[in-house]
Structures are given as C-alpha cells and as structure tokens.
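# Per-entry structural report
Here are the chains, one letter per residue:
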Amino acid sequence: LMILGSMDEFIPLVKRARERGYYTIVCDGYQDGPAKKTADTFYNIDIRQVDEIADICRKEQVDGIIASFSDILFEHLIKIASKAGLKTYCTPKRMPFLRSKPKMRQMFTELGIPCAKNHVIEEGFQEEELSDLVPPLVMKPVNGYGSRGIFVVNSIQEVRERFEKTARYSIGSSGVMVEEFNNGYEFNMMNWIMDGEVYTLSIADREKTKSINGDIPQLVRLVYPSRIMDEVYEGAREIVKKVASYVGIQTGPLSMQFFYHPEQGIQVCECAGRFFGYEHELL
C-alpha cells in the first residue's frame, strides 16, 4: 500500500494497514515525517513528482494508493494512480471539478446546485465585470488551498488593492474569483460513497469569529452534530449524491462545505474529494 503523506495524522493509518497485513510504503518530501518511522519502507520525494512516484509504484508492485486531509494530496493521488495504472475513486478528467473553483461552479450550474454569485477576473479588470455582485464580497484564489489569500472586501477599490495578494495563491492561473459573501450558518459535511449511495458520516457547525479588517471569519471550533441537523440533512445529501454521480465517484470520500439561511436555504461553498482538515480524528 502506497501512502502519500507522513505527518502525525498518518501514523494511525500506517499502523492499521500493517495490522491488516499490508506492506506499507510512505512517500512525501518531508525528510523526518514521523509516519515513515512506522512504515515498512519510505521514500523522500515530493508528491508533486508524479512520474517518479508512479515509477516507484511499479517497482514496488504497489496494489493500492491512499491519501487524505488536503487538496494537494487528493490532486496528486489521482494523477499518480492514473500514471501507475492503479484503481482509485476519481479520474484525472473529473478531478478538476473537485479542485478548480471555476470548474466546480460550472458543475454546480449544470446540476442546478445553489452557490454564491461569482466571477473570475484578471488584473486590470473593468469595474463593470463585478457590477452585478452585491457587497460584501469574498476574494479567493482560483485553484488555491488551505484558505490562503482569501479576503472580505466592500468595494471595487479594495478588490484592486488585494488582487495581487490573492492571485499569488492561484495555482496555474493569474485570475481571482470574486463572489458574494454569505453570512448564514456554515457547515462541514463528510460522506463516504459506497456503490453510488451516500453515507453521511457527520455534519458539523463551523463556529467562527466575526470578519475583522478584511480577513475572512476564522474557524474557532467544529461542533458535532450540527444543532440544526434536521433543517439541512436531506437537502445536503441530495446535493452530494448529484455531485458524486457527476464526477463518477462510486466508492470513496466526498465532503462538502455549505451555508444555510432560513429564508434562502442551502448554498454550497465547495465539494472536495478528500476529508476536511483533521476531523477524521473526531470520527
């Protein structure tokens, strides 16, 4: 079993795999990743070196590959598996719909899934490009991860002032996404898809600070289960089922971050082909 990632949270995964009789190979660019000490063998190689890791998979006769906890790991897991001829739960063709924000919004539109009104702009954009958006607005990288480069702004001038800071986190793109801010209740939802059916593992309330000086509200804690589970459960599951079918996930993880307002219903922020953060420890 090839495991992409060697930080502390991967140690239980390595131990469980070995208990089940799997020969474990841990691989990433962290020289002293603690999970490497518990694996059968390891490689110090950046997970973005797709061809090299695919070669390792073939050399080691790897039967399966797994990663979790981050968008960058999910993205390269799919690429490596494809190169190495290994089965996994998503394909390189469909992976961008769970990784690229413009592609994701395209998917939501096709499926009729409510999401924030948004536009992707380039530096030097015309004011008219954002004229139909109602402030406050959220600026975010097109293909970023880790909540970097995200700001809440109230005017076109603020968008211009913060454009460069946000754009530097847009991987493979010079653009920035600008969307309307949603101040409703916010949730993290984790699901496992099995044979096309949605099994919801958790829906948690994201308790946050208020927005201060242009920064996005900061996550304070996740509360399980959501205090308004009954209002969002069925609607959120229907959305996840639509997305799973669209991207072709028959078996595997699919998480969703979404908002709910009593008058507006559910509005989806993002769907991801990985688990959110460190919530797996709570589960």
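Located above this text is the structure these notes cover.
Below: a short report on this structure.

With that settled, consider the environment of M107. Looking at the element boundaries, M107 is found in helix 4 (residues 101-111). For M107, a relative accessible area of 0% gives the class buried. Here the alpha-carbon distance between M107 and V243, two residues 136 residues apart in the chain, equals 8.0 Å.

Before going further, it helps to examine the sheet that holds strand 10 (residues 197-208). Judged by pairing direction, the sheet is antiparallel, and its 5 strands sit side by side in the order 11-10-9-12-13 without closing on themselves. In this open sheet, the two edge strands, each paired with only one partner strand, are strand 11 (219-223) and strand 13 (265-272). Each adjacent strand pair in this sheet contributes to an overall mean axis angle of 30 degrees, direction not counted. With 7 bridges joining them, strand 12 (residues 252-261) and strand 13 adopt antiparallel strand pairing. Across the sheet, the residue bridging to H261 is G265, located in strand 13.

Take unusual backbone geometry next. Across the junction of P135 and P136, the peptide omega takes the value 0 degrees, indicating a cis bond. Along the polypeptide, P136 turns up in the loop between strand 5 (118-121) and strand 6 (137-141). The backbone of Q61 shows a phi angle near 55 degrees, a positive value even though the residue is not glycine. Its place among the elements puts Q61 in the loop between helix 2 (50-59) and strand 4 (65-66). Unlike most non-glycine residues, D195 shows phi in positive territory, near 55 degrees. Structurally, D195 is set in the loop between strand 9 (185-194) and strand 10.

Conventions used here
Residues numbered from 1 in each chain as written. Predicted model: local features only at pLDDT ≥ 70, side-chain atom pairs only at ≥ 80, totals over all residues. Heavy atoms only, no water. Helix = DSSP H or I, 4+ residues; strand = E, 2+ residues; numbered from the N terminus. Buried < 20%, exposed > 50% of the residue type's maximum accessible area, 1.4 Å probe, protein only. Pairing = 2+ DSSP bridges. Axes fitted to C-alpha atoms, helices over the stretch in contact; angles between N-to-C directions.

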